[in-house]
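# Geometric and topological summary
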Amino acid sequence: NAGVTQTPKFQVLKTGQSMTLQCAQDMNHNSMYWYRQDPGMGLRLIYYSASEGTTDKGEVPNGYNVSRLNKREFSLRLESAAPSQTSVYFCASSTRLGLQETQYFGPGTRLLVL
Amino acid sequence: ELKVEQNPLFLSMQEGKNYTIYCNYSTTSDRLYWYRQDPGKSLESLFVLLSNGAVKQEGRLMASLDTKARLSTLHITAAVHDLSATYFCAVVGTSYGKLTFGQGTILTVHP
């Protein structure tokens, strides 16, 4: 199993450009998440999808949109990139077994907006 | 709003020494996680703590949870260089699956 995969690994954008970050998981997990990581701030939740066909906002959703394409794939779109969106973006997935639930993270996408 | 605070944020240790990282959170939660992140890498799950008094150990790391005090600790015993990494705690709030992370503790272990 590949686990959680993300593409691209690195991206440089100019202000105002758009792009989509792709995420896929092969663990048959129901829930998927997008986080951003900035220095000194830990990870912050952007959007999540509790199950196929549903999405909901997290802590910092402004400037982003998401699509849960199917159970495996969850994409994050920046419609008009801004320098404040320079960050490392992590996708994660999880499934719940009783009280036990662990999120598994992808390798990350490093985004620089100039 | 759930807030999670770790301290210290930076920790420089000598090999062989013991130390503790603290994680405080502001509202009731039934699950707390510890993750490790190596530089430039993704996050690796270390521990899931589900109930008051829960204690888990893996090698030189031991995590505990006190839900009444809203406090978790990650204790490092006889540190070795391989433990150098950033450690995050994360707490599930009232919304299913939504994790709130602490700022992270950057641990450096020196010879």
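Report on the accompanying structure. (Residues numbered from 1 in each chain as written. Chains lettered and ligands numbered in written order. Predicted model: local features only at pLDDT ≥ 70, side-chain atom pairs only at ≥ 80, totals over all residues. Heavy atoms only, no water.)

## Considering the overall build of chain B
- Helix and strand counts for chain B come out as zero helices and 11 strands.
- In chain B, the succession of helices and strands from N to C terminus is β-β-β-β-β-β-β-β-β-β-β.
- For 111 residues, the compact-globule formula gives about 13 Å, and the C-alpha radius of gyration of chain B, at 13 Å, lands near that figure.
- Seen through its C-alpha atoms, chain B measures out along the principal axes to roughly 45 × 30 × 20 Å. (Helix = DSSP H or I, 4+ residues; strand = E, 2+ residues; numbered from the N terminus. Rg over C-alpha atoms; globule rule 2.2 N^0.38 Å.)

## Some remarks on the environment of L45 of chain A
- Looking at the secondary structure, you find L45 of chain A in strand β5 (residues 43-49).
- Residues L45 of chain A and Y33 of chain A lie 12 residues apart in sequence; the distance between their C-alpha atoms is 7.3 Å.
- With near-sequence residues (within four places) excluded, L45 of chain A lies in contact with Y33, W34, Y35, G58, E59 and V60 of chain A together with K98 of chain B. (Contact = heavy atoms within 4.5 Å.)

## Overview of the interface of chain B and chain A
- On the side of chain A, 23 residues touch chain B, which itself brings 20 residues to the contact.
- Our count for the chain B to chain A interface comes out at zero salt bridges.
- At the junction of chain B and chain A, the tally comes to four residue pairs in polar contact (both at pLDDT 80 or more). (Salt bridge = Lys/Arg side-chain N within 4 Å of Asp/Glu carboxyl O. Polar contact = N/O pair within 3.5 Å; in protein donor to acceptor, adjacent residues only side chain to side chain.)

## Some remarks on the sheet that holds strand β6 (residues 55-58) of chain B
Residues and elements named next belong to chain B.
- Taken together, five strands build an open sheet; the order of strands is β1-β3-β8-β7-β6 and the sheet is antiparallel. The open sheet has two free edges, formed respectively by β1 (4-7) and β6, since each of these has just one partner strand. On average, each strand axis in the sheet is inclined to that of its neighbour by 15°, with strand direction left out of account.
- Summarising the sheet, β1 and strand β3 (residues 19-25) pair through four bridges and their orientation is antiparallel. When the sheet's bridge partners are listed, Q6 is paired in β3 with C23. (Pairing = 2+ DSSP bridges. Axes fitted to C-alpha atoms, helices over the stretch in contact; angles between N-to-C directions.)

## Considerations on the state of the cysteines
Residues and elements named next belong to chain B.
- For the coordinates displayed, the defined rule picks out two disulfides over all chains.
- The disulfide partner of C23 is C89, and the gap between their sulfur atoms is 2.1 Å. Linking C23 and C89, the disulfide has an S-S dihedral of approximately 80° and is accordingly described as right-handed. Here C23, found in strand β3, pairs with C89, found in strand β9 (residues 85-92); they are 66 residues apart in sequence, far enough to count as distant.
- The exposure class of C23 is buried, given its relative accessible area of 0%. (Disulfide = S-S within 2.5 Å. Buried < 20%, exposed > 50% of the residue type's maximum accessible area, 1.4 Å probe, protein only.)

## Considerations on the sheet that holds strand β7 (residues 64-68) of chain A
All names here are of chain A.
- Spatial ordering of the open sheet is given by β1-β3-β8-β7, a layout of four strands whose pairing is antiparallel. The sheet terminates laterally at β1 (4-7) and β7, the two strands that pair on one side only. Strand after strand, the sheet turns through a mean of 20° between neighbouring axes, direction not considered.
- By the bridge criterion, four bridges tie β1 to strand β3 (residues 19-25) in an arrangement that is antiparallel. Bridge pairing in β3 links V4 to Q25.

## Structural notes on the nonpolar core
- Within the largest apolar cluster, 25 residues are counted, with the highest numbers of intra-cluster contacts made by L32, W34, L74, I76, Y87 and L107 of chain B.
- For this core, the secondary-structure elements that each account for two or more residues are β2 (10-14), β3, β4 (32-37), β5 (43-49), β7 (61-66), β8 (71-76), β9 and β11 (105-110) of chain B.
- The element contributing the most residues to this core is β9 of chain B, with four residues.
- Other than its neighbours up to four places away in sequence, L107 of chain B contacts L11, M13, I76, L83, S84, A85 and Y87 of chain B.
- If you look at the next biggest cluster of nonpolar residues, it comprises 20 residues, including L21, C23, Y47 and A81 of chain A. (Core = buried A, V, L, I, M, F, W, Y, C linked by side-chain atoms within 4.5 Å.)

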